[in-house]
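Per-entry structural report
Read off the chains here:
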Amino acid sequence: MNASPSPSVPQAGSAGPDVLRTLLERPIPAVMGVLNVTPDSFSDGGEFIAPALALQRARAMIDAGVDIIDIGAESTRPYTGARPVTAADEIARLKPVLAELVALGVPVSIDSMKAEVVAFALDQGVAIANDVWGLQRDAAMAQLVAARSVPVIVMHNRDNVDSAIDIIADMKTFFLRSLDIAAKAGIAREKIVLDPGIGFGKTAEQSMIALARLREFDVFGLPILVGASRKRFIASVSPSEPKERLAGSIAAHLIAAQRGARIIRTHDVAETLQAMRVAHAIESKPESKP
């Protein structure tokens, strides 16, 4: 597989309007690869915290054909047990690897809920902000994104799981609030991607409902990112540990793509891309002989 990014793809770090648009114009969803430089992420904590190993992992994802690399330096594990860290801690983990990662030539997004960390990453050439609290946790985030004119991923989240609520209604209310914050800050609407936050503040059942009813978010007229990779809801259907959930992750991501997701966030880039390409090839054929 050709490891070189397509000439039509803007270089990482470009804040121009075509970074997101170019990715979204492809016939299959863009694939975002997860790169955690953390000691405690739920699936791969500690594996890539060493800069050399992080860069090796990034090169492997590029060889597999990844479209975006999403780097995070704080575990936001979508259940319990995440240990909050300071912005200084996140930046210290990012410093040894970020500039070299950007230089590899694939668009990079920064997975952080802290404006200070996102600002540092953008200064290093990162192209996209990925906020797991949808512009609602750090009051400075929306202003930063607007000032830098970069795309932003707005994810739904909740502090507490509540199995009694209508999760779709809750998500729509959350997104409306985020979009109001974005509009007031001056973030261009075409730079916003919505993420249902599979596993975050949701029961396994609610995560599956969010995937099943993904088309209901078309009402916002914005691209959707889905990250179901290795999430615990898979184990509620088929008992498994995180690294045993590849098949379940692919199943969820194929359904998400069928229901309109334009970006898929995954730990398993090569396998996910293969599934997306095969599904697209089959779906492009007529169902009956002309």
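Refer to the structure above for everything that follows.
The shown structure was predicted, so the numbers you read here are calculated from the model rather than taken from an experiment. (Residues numbered from 1 in each chain as written. Predicted model: local features only at pLDDT ≥ 70, side-chain atom pairs only at ≥ 80, totals over all residues. Heavy atoms only, no water.)

Considering the nonpolar core
Formed by 76 residues in total, the largest nonpolar core has its most connected members in Ile69, Ile71, Leu94, Leu101, Ile187, Ile192 and Val226. No other element matches the 8 residues that helix 7 (residues 167–185) contributes to this core. Among residues more than four places away in sequence, those in contact with Leu94 are Val37, Ile71, Ala73, Ile110, Val117 and Phe120. Counting 12 residues, the second-largest nonpolar core is a separate cluster that includes Val19, Leu23, Ile68 and Val193. (Core = buried A, V, L, I, M, F, W, Y, C linked by side-chain atoms within 4.5 Å. Buried < 20%, exposed > 50% of the residue type's maximum accessible area, 1.4 Å probe, protein only. Helix = DSSP H or I, 4+ residues; strand = E, 2+ residues; numbered from the N terminus. Contact = heavy atoms within 4.5 Å.)

Observations regarding helix 10 (residues 246–258)
Along its 13 residues, helix 10 runs 18 Å from first to last C-alpha, staying within 8% of the 18 Å computed at 1.5 Å per residue. Among the residues making up helix 10, those that are buried are Ser249, Ile250, Ala252, His253 and Ala256. Summarising the axial view, the buried residues of helix 10 lie within an arc of 165°, below the 170-degree limit, and thus occupy one face. Residues of helix 10 that are buried in the fold lie against helix 8 (204–212), strand 7 (225–226), helix 9 (233–237), strand 8 (263–266) and helix 11 (269–283). Phi for Gly260, located one or two positions after helix 10, is positive at around 110°. (Expected span 1.5 Å × (residues − 1). Arc of directions from axis to C-beta.)

Describing the sheet that holds strand 8
Strand order across the open sheet formed by 8 strands is 6-5-4-3-2-1-8-7, with parallel pairing between neighbours. Edge positions in the open sheet fall to strand 6 (192–195) and strand 7, since each of these has one partner strand only. Relative to strand 8, strand 1 (residues 30–36) runs parallel, the two being bridged by 4 bridges. Looking across to strand 8, one finds that Met32 is bridged to Arg265. (Pairing = 2+ DSSP bridges.)

Section: unusual backbone geometry
Despite not being glycine, Leu135 has its phi angle at roughly 70°, a positive value. Within the fold, Leu135 resides in the loop between strand 4 (128–131) and helix 6 (141–148). Phi at Ser149 takes a positive value of approximately 55°, unusual for a residue other than glycine. For Ser149, the position within the fold is in the loop between helix 6 and strand 5 (152–155).

Things to note about the pattern of salt bridges
Evaluation of the coordinates by the stated rule reveals 14 salt bridges. In this structure, a network of salt bridges that share partners links the residues Asp70, Asp111 and Arg265. (Salt bridge = Lys/Arg side-chain N within 4 Å of Asp/Glu carboxyl O.)

Topic: the pairing of strand 5
Where burial is concerned, the two faces of strand 5 agree: the one with Val152 and Val154 and the one with Ile153 and Met155 are both buried. Sheet topology places strand 4 next to strand 5; 3 bridges connect them, and they run parallel. Its bridge partner lying in strand 5, Asp131 is registered against Val154. With helix 6 bridging strand 4 and the parallel strand 5, this β-α-β connection has right-handed handedness. (Right-handed = clockwise from strand over helix to strand, strands pointing away.)

Take it as geometry only, folks, not as evidence of what the structure does.
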